[in-house]
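Results of the structural survey
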Amino acid sequence: LLAMIIREKTPHAVETTNNPVEAVQIVRRGGIDLVIADLKMPGLDGSELLEAIRAFSEIPVIIITAYGTEEAAAETREKGVFDFILKPFRKEQIVLGIERALERRAVRHRGRLHPPHLLHQPPGAAPRPARPLSAPPAAKSTCGHLVNWA
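What comes next concerns the included structure. (Residues numbered from 1 in each chain as written. Predicted model: local features only at pLDDT ≥ 70, side-chain atom pairs only at ≥ 80, totals over all residues. Heavy atoms only, no water.)

1. As for the overall build of the chain
Helices and strands together make up the secondary structure of the chain, namely five helices and six strands. Listed by position from the N terminus, the elements making up the chain come as α-β-α-β-α-β-α-β-α-β-β. Going through the 150 residues of the chain one by one, you find that 43% of them count as buried. Across the chain, every contact between residues at least 6 apart in sequence was considered, and the portion connecting residues at least 24 apart equals 63%. For the chain, the accessible area works out to roughly 8600 Å², and carbon and sulfur atoms hold 54% of it. (Helix = DSSP H or I, 4+ residues; strand = E, 2+ residues; numbered from the N terminus. Buried < 20%, exposed > 50% of the residue type's maximum accessible area, 1.4 Å probe, protein only. Contact = heavy atoms within 4.5 Å. Areas by Shrake-Rupley, 256 points an atom, 1.4 Å probe, with all protein chains shown as cover.)

2. Here we look at the pairing of strand β4 (residues 83-86)
Looking at chain direction, strand β3 (residues 61-65) and β4 are connected through four bridges and run parallel. For Ile63, the partnering residue across the bridge sits in β4 and is Phe84. Note on the crossover from β3 through helix α4 (residues 70-79) to β4: the handedness is right-handed. (Pairing = 2+ DSSP bridges. Right-handed = clockwise from strand over helix to strand, strands pointing away.)

3. Notes on the packing of aromatic side chains
The final tally for this structure, using the stated rule, is zero aromatic pairs. Geometry around Phe56 places Arg28 over its ring, the cationic atom sitting 4.0 Å from the centre. Across from the ring centre of Tyr67, 5.8 Å away, lies the NZ or CZ of Lys40, which sits over that ring. (Phe/Tyr/Trp six-rings, centres within 6.5 Å; stacked < 30°, edge-to-face > 60°. Lys NZ or Arg CZ within 6 Å of the ring centre and 35° of its normal.)

4. Focus: the packing of helix α2 (residues 20-29) against helix α3 (residues 46-54)
Contact pair α2 / α3: the axes reach a minimum separation of 10 Å and the direction vectors enclose 25 degrees. It follows from the interaxial angle that α2 and α3 lie roughly parallel. Crossing of α2 over α3 shows right-handed handedness. Seen from α2, the contacting residues are Pro20, Ala23, Val24 and Val27; seen from α3, they are Leu49, Ala52 and Ile53. Here the residues of the contact of α2 with α3 are counted per class, giving seven nonpolar, no polar and no charged. (Axes fitted to C-alpha atoms, helices over the stretch in contact; angles between N-to-C directions. Parallel < 35°, antiparallel > 145°, perpendicular 65-115°, else oblique. Left-handed = near helix turned anticlockwise from the far one by under 90°. Nonpolar A, V, L, I, M, F, W, Y, C, P; charged D, E, K, R; others polar.)

5. Notes on the side chain of Thr10
Structurally, Thr10 can be placed in the loop between α1 (2-9) and β1 (13-15). Side-chain polar atoms of Thr10 contact the backbone oxygen of Ile6, separated by 2.6 Å. Within polar-contact distance, the side chain of Thr10 engages the backbone nitrogen of His12 at 3.2 Å. (Polar contact = N/O pair within 3.5 Å; in protein donor to acceptor, adjacent residues only side chain to side chain.)

6. Topic: α4
What α4 keeps buried is the set Ala72, Ala73 and Thr76. Projection of α4 onto a plane perpendicular to its axis shows the buried side chains occupying an angular sector of 100 degrees, all on one side. More than 90 degrees from the buried face of α4, the exposed residues found are Glu70, Glu71, Arg77 and Glu78. The inward-facing, buried residues of α4 abut α3, β3 and β4. Backbone geometry just after α4 places Gly80 at a positive phi near 100 degrees. (Arc of directions from axis to C-beta.)

Structure below.
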């Protein structure tokens, strides 16, 4: 359902998995701009998934749950969650959370000393043009969903 909402309401590409361990591998592989995970999952819960991703990445993570408590929200905030959304949620709420997370990521990338598109150029190569700043790259969402700017 979440992947369908993202595909219908945003221009972003979506990659899904039901396996949180695989989600960590997908994020590590690269090309993912946002992770959306449920708090309650087999194997790793959303908080553990967030912790595993934070060990190597600052990618935005949104946690959704029907079992929200103040303690769970505080725990995920301490681990660096971008947003904690309670189910049931309105489509607009998740779309707004995705757009805010991706915009924040884009702003952070613009502030880097060396833009990502220049990092792996061969010596002497002409600089490649940067992506337009007004259009974020494709977004993928995970665990259920990985978002990549299209």
